[in-house]
Amino acid sequence: MKFGKEFTAQMVPEWQEAYMDYNQLKSLLKEIQRFKQRTKPPATPAGLKRKLTLYRAVSGLTQRYNHPISPSASSPHDDIESQAILVNSVSPDGSQSYRTTFLMSSDEGGEYELVYFRRLDDEFNKVDKFCKSKVEEVMKEADMLNKQMDALIAFRIKVENPQGGWFDRSVEMTRLASDVATSAAALAASTPRGARASSKVPMTMNMIEETESSHGPSDESSDDKDEIKIVNEKVQVQMPKNTRATRPASLEVLNHVRMNNTQETPRSTIKGFLNYPVQTELNFTRENLKKVEDQLKRAFVEFYQKLRLLKNYSFLNTLAFSKIMKKYDKITSRNASKSYMKMVDNSYLGSSDEVNKLMERVEATFIKHFSNSNRTKGMKILRPKVVRERHRTTFSMGFFAGCAVALTLALILIIRARNIMDKPGATQYMDNMFPLYSLFGFIVLHMIMYAANIYFWRRYRVNYSFIFGFKQGTELGYREILLLNFGLAVLALACVLSNLDMEMDPKTMDYKTFTELLPLNLVFLVVVILFCPFNIMHRSSRFFFLTCLFHCICAPLYKVTLPDFFLADQFTSQVQAFRSFEFYICYYGWGDFEHRQNTCNQSDVYNTFYFIVAVIPYWSRLLQCLRRLYEERDPMQGYNGIKYFLTIVAVSLRTAYTLDEGIGWKTIAWIFSAIAAIVATYWDIVIDWGLLQRRSKNRWLRDKLLVPHHSVYFGAMVLNVLLRFAWLQTVLGFQVSFLHRQSMVAIVACLEIIRRGIWNFFRLENEHLNNVGKYRAFKSVPLPFNYDEDEDKDD
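Residues numbered from 1 in each chain as written. Predicted model: local features only at pLDDT ≥ 70, side-chain atom pairs only at ≥ 80, totals over all residues. Heavy atoms only, no water.

*Asks:* I'd love a proper account of the packing of helix α25 (residues 635–659) against helix α26 (residues 663–688), names of residues and values included.
*Replies:* Between α25 and α26, the shortest axis-to-axis distance is 8 Å and the interhelical angle comes to 145°. For the element pair α25 and α26, the recorded crossing hand is left-handed. Contacts between α25 and α26 pair Met-636, Tyr-639, Asn-640, Lys-643, Leu-646, Thr-647, Val-649, Ala-650, Leu-653, Arg-654, Ala-656 and Tyr-657 from the former with Trp-665, Lys-666, Ile-668, Ala-669, Phe-672, Ser-673, Ile-675, Ala-676, Val-679, Ala-680, Trp-683 and Ile-687 from the latter. Taken together, the residues that form the contact of α25 with α26 break down as 18 nonpolar, 3 polar and 3 charged. (Axes fitted to C-alpha atoms, helices over the stretch in contact; angles between N-to-C directions. Helix = DSSP H or I, 4+ residues; strand = E, 2+ residues; numbered from the N terminus. Left-handed = near helix turned anticlockwise from the far one by under 90°. Contact = heavy atoms within 4.5 Å. Nonpolar A, V, L, I, M, F, W, Y, C, P; charged D, E, K, R; others polar.)

What follows is the structure, encoded as C-alpha cells:
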C-alpha cells in the first residue's frame with residue numbers, strides 16, 4: 001500500500017481536516033515534475049525506474065533522527081550558499097509559526113517550487129498549532145483527573161478506616177500532571193530551543209512512593225539537568241503564591257468536594273423535574289466507593305485513548321512531512337529535506353514529549369489503583385485488542401447464506417409444484433400463518449440493511465462505533481451481523497417448509513400441534529438468546545441493545561442519547577412487526593392455532609391494541625423530543641415533536657380506515673397522512689441529512705460529502721420521497737390480483753424498512769461530518785467528584 005493511502009487510513013476521522021494535506025502537496029510536486037520533464041526530458045529510460053519498497057517507505061523517518069540537531073554540528077558544505085531553503089521562526093500575531101524562504105526562486109521553474117513551499121508552511125503551521133491546542137487540553141484534563149485521584153484515595157482511606165482522622169503519608173498517591181503554571185510554561189515555549197528544552201522537563205507528576213511501579217525515574221545528563229533547572233526557575237516565578245506543593249492533600253480534601261449525581265435514573269429525573277434537592281453529601285460506603293472507582297476507571301480509559309490518538313497524530317504528520325520532502329528532493333535533485341526536517345525536529349510537533357510522559361503516568365496510575373498492580377490486566381483494559389476478522393465467521397456467514405438461498409428456492413419450487421396456493425386452505429394459511437412468519441422476514445430484512453450500513457460506513461470512514469458509543473473492541477462488523485441474520489433466516493425458512501400442510505387431520509379435525517407451534521418456539525428461542533446472561537453470542541452488543549430498548553420504553557425518564565433515539569427511529573419503521581407480536585399473543589393465547597382460525601378481529605380489546613401498538617414507536621420518539629426540549633431548550637426538538645404528533649394522528653386514522661372503510665375515515669386519513677408525509681420528508685432531507693442547501697459548493701446538496709458521486713444523493717432523495725408515500729396503498733386500497741392482502745401489507749412494510757436503511761446511512765454521515773467540523777473525537781465522561789468554587793479558585 002502506498003503511503004498516501006496508509007496515511008489516510010490511519011487518520012482519526014474527526015481530525016482529518018487538521019492533518020497535513022498530503023495529496024495536495026503531492027499534486028504540487030507533480031506539477032513541478034511535469035515542468036521539469038517538459039524542459040529537460042529524462043535521460044534514464046522509463047523501464048529502469050525503481051519501484052518504492054516497504055523499506056524505502058519508512059526509511060525517511062528513521063533517517064531523519066540521525067541528523068544532527070545542533071547547528072554547530074552541521075557539515076561545512078551546508079552553508080547558506082549551498083542551501084535551497086532557509087526556515088525561520090516568526091511571530092506575526094503573537095503565535096509562533098514557521099516560514100520557509102526558497103533561495104533558488106531565480107532558477108527555471110522556481111515559481112512552482114515557491115508555491116509548493118508556501119503551501120507546505122501553511123500545512124505545517126496548521127498541524128503544529130492543532131497539536132499545541134490538543135496538548136493544552138489534555139494537560140488541563142490531566143490536572144482535573146489529578147484532583148479526582150486525590151479525592152478518590154482520600155475517600156478510599158475513609159471507607160477502609162472510618163475512625164481514622166489522620167492521614168497516613170505512606171499511602172501511595174499519584175500526581176498525574178504538573179501544576180497548571182508548569183504546564184503553561186512548558187507549552188508557551190516559543191522558540192525551537194525553548195520547545196526542545198521544555199520537552200526535556202520532567203513534568204512534576206510525582207509518583208509518590210510508587211515503589212511497585214515498573215516506571216522509575218530516568219537518568220539524565222548534566223546538561224539536561226541544567227536546562228531543567230533553568231526552566232523550573234522560570235516556572236516558579238510564574239506560579240502564584242497560594243499554589244500548593246506537589247504532594248497530595250490530606251483527608252481535608254474531602255471537605256471541599258461533593259458527589260456528582262451523574263447517574264440518570266427515573267427517580268432522579270422526577271426529582272429534578274420537581275426541583276427536589278439532590279443529595280450531594282459524601283456517604284462513605286463501599287457501594288459508593290465502587291461507583292466512584294468505576295466512573296474514574298472509565299474516565300482514565302477515555303483519557304488514555306485520547307493520548308494514544310494524539311501521539312499517533314503527531315507521529316503520522318511528522319512521517320508525512322518527511323515523506324513529502326524526500327519526494328521533493330527526488331524530483332528537484334536538491335537537498336532541502338535535511339534543513340526542513342531539522343526545523344520539524346526542533347518544533348513543538350517534533351520535540352514535545354508531554355504526551356509520552358503523560359501516557360506513562362496514566363499507565364502507572366491505572367495499573368496501581370484500578371488493576372491491583374497487575375500490569376497485564378491494566379494494559380488489557382487501557383489498550384483493548386482490535387477485533388480481527390475471523391475466517392470462520394466469513395465461512396459460516398457464506399454457509400448460512402447459501403442455505404438460506406437454497407431453502408428459499410426449495411420453498412418456491414414446492415409451492416409451484418404442488419399448486420399449494422390454489423388449494424382450499426391457502427387463504428386460511430395466508431390469513432393466519434403468513435403474519436406469524438412475516439415477523440422474521442421484517443427482522444431479517446432490517447438486519448441486512450443494517451449490515452449494508454456498516455459496510456458503507458466503514459468504506460467511507462464514518463466513525464459509527466464512536467457515534468453510537470460502542471465499547472471499543474466489542475462492536476459488530478457487517479459479517480457478524482449477516483451471520484446472525486442468515487442463521488435466523490435458515491431457522492425461519494426451515495419452519496415454513498415444515499408447516500406447509502394445508503389440510504387438517506381427518507381424524508382429529510385439527511392441524512398438527514407441533515408444526516403449528518413452530519413460529520412461537522422460534523420467537524421464544526430468539527428471546528432466550530437475546531436475554532441470555534452468559535458471555536456467548538455477543539453479550540456486550542445484546543446488553544447494549546437491551547439498555548437502549550429500555551430507555552426507549554421509559555423515554556421521558558432517561559436522558560436521551562443518540563443510540564436511544566436512533567433505535568426508536570428504527571422501531572417507527574417496524575410498526576407491522578409490532579402488530580405481528582400482538583397477533584402472536586391473540587393467536588396462541590386464545591387457542592386459535594389448533595384450528596388455524598383466528599377470532600382476533602372480532603375482539604374489541606384486540607382492535608384497541610391494534611391502534612396502540614401502531615402508535616407506540618412514534619409516541620416514544622415524541623416523548624424523547626419533549627425531554628430534549630426541556631433539557632436543551634432547543635426549539636428544533638419541539639418542531640420534531642410536532643412532526644411525530646402528526647404521524648401519530650395519521651397512523652391512527654389509517655388504522656381506523658382499515659378497520660372501518662368509510663368515506664369519512666378515508667378523507668381524513670388522506671389529508672393527515674399527506675401532511676405528515678410531506679413534513680417528514682422535508683425533515684429527513686433537510687434536517688437529518690443536511691441536504692438541499694442552495695448556497696452549498698455542491699449545488700442543492702451540502703459543502704462536505706463522503707460519497708464522491710452526487711447522483712447517489714439525488715437518487716436517495718427521490719427514493720426517500722417515493723417510499724415515504726407507500727402508505728397510499730393503504731388509503732387507496734390498491735390491490736394486485738395474484739397477491740393476497742397480507743402479501744401487500746408485508747410488501748409495503750418491507751419498502752418502509754428499505755427506506756429506513758437508506759435514511760440510516762445519510763443520517764450518520766451528517767452526524768459524522770458535524771463531529772469532523774467540531775473536531776469532536778471523544779465522548780465526555782462524567783467525573784464522580786465536584787470541587788467547591790473556592791477550592792477551584794485557590795488551585
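Back to the text.
*Asks:* Lay out the state of the cysteines with the relevant residues and their values.
*Replies:* Within the structure shown, the criterion is met by 1 disulfide. Disulfide partner of Cys-586: Cys-600, at an S-S distance of 1.8 Å. Across the S-S bond linking Cys-586 and Cys-600, the dihedral sits near -110°, which makes this disulfide left-handed. Of this pair, Cys-586 sits in helix α23 (residues 575–589) while Cys-600 sits in the loop between α23 and α24 (604–632), and the two are 14 residues apart along the sequence. (Disulfide = S-S within 2.5 Å.)

*Asks:* I'd like a description of the packing of aromatic side chains, backed by residues and values.
*Replies:* In the structure shown here, the tally under the stated rule is 44 aromatic pairs. Centre to centre, the rings of Phe-155 and Phe-284 are 5.1 Å apart; their planes meet at 40°, and the pair counts as tilted. Of this pair, Phe-155 sits in helix α4 (residues 110–160) while Phe-284 sits in the loop between α8 (266–273) and α9 (286–332), and the two are 129 residues apart along the sequence. The buried category is assigned to Phe-155, whose relative accessible area is 0%. Classification of Phe-284 by relative accessible area gives partly exposed; the value is 31%. An aromatic cluster of at least three residues, connected via ring pairs, comprises Phe-3, Phe-7, Trp-15, Tyr-19, Tyr-22, Phe-130, Tyr-313 and Tyr-775. Seen from the ring of Tyr-610, Arg-579 lies directly overhead, with NZ or CZ sitting 4.2 Å from the centre. (Phe/Tyr/Trp six-rings, centres within 6.5 Å; stacked < 30°, edge-to-face > 60°. Buried < 20%, exposed > 50% of the residue type's maximum accessible area, 1.4 Å probe, protein only. Lys NZ or Arg CZ within 6 Å of the ring centre and 35° of its normal.)

*Asks:* Before we move on, can you summarise unusual backbone geometry with the specific residues and values?
*Replies:* Located in the positive-phi region is Ser-333, a residue other than glycine, with phi close to 60°. Of note, Leu-692 is a non-glycine position whose phi angle comes to about 60°, a positive value. Among the structural elements, Leu-692 can be located in the loop between α26 and α27 (710–724). Judged by relative accessible area, which is 37%, Leu-692 ranks as partly exposed.

*Asks:* Could you give an account of the pairing of strand β2 (residues 97–102), with specific residues and numbers?
*Replies:* Note on strand geometry: in a regular strand, side chains alternate between the two faces of the sheet. Here 6 bridges tie strand β1 (residues 85–90) to β2, and the two strands are oriented antiparallel to one another. Note that in β2 the partner of Val-90 across the bridge is Ser-97. Taking the residues between adjacent antiparallel strands as the criterion, β1 and β2 are bridged by 6 residues, where Gly-94 takes a positive phi near 90°. (Pairing = 2+ DSSP bridges.)

*Asks:* With reference to specific residues and values, describe a positive patch on the surface.
*Replies:* Residues Lys-2, Lys-5, Lys-30, Arg-34 and Arg-38 make up a contiguous surface patch of positive charge. Broken down by element, the positive patch gets its largest block of residues, 3 residues, from helix α2 (residues 22–39). Counting through the fold element by element, Arg-38 comes out in helix α2. For Arg-38, a relative accessible area of 58% puts it in the exposed group. (Patch = residues over 30% accessible without salt bridge, like charges linked within 9 Å, V, L, I, M, F, W, Y side chains within 5 Å. Areas by Shrake-Rupley, 256 points an atom, 1.4 Å probe, with all protein chains shown as cover. Salt bridge = Lys/Arg side-chain N within 4 Å of Asp/Glu carboxyl O. Lys, Arg positive; Asp, Glu negative; His and termini not counted. Charge placed at Lys NZ, Arg CZ, Asp CG, Glu CD.)

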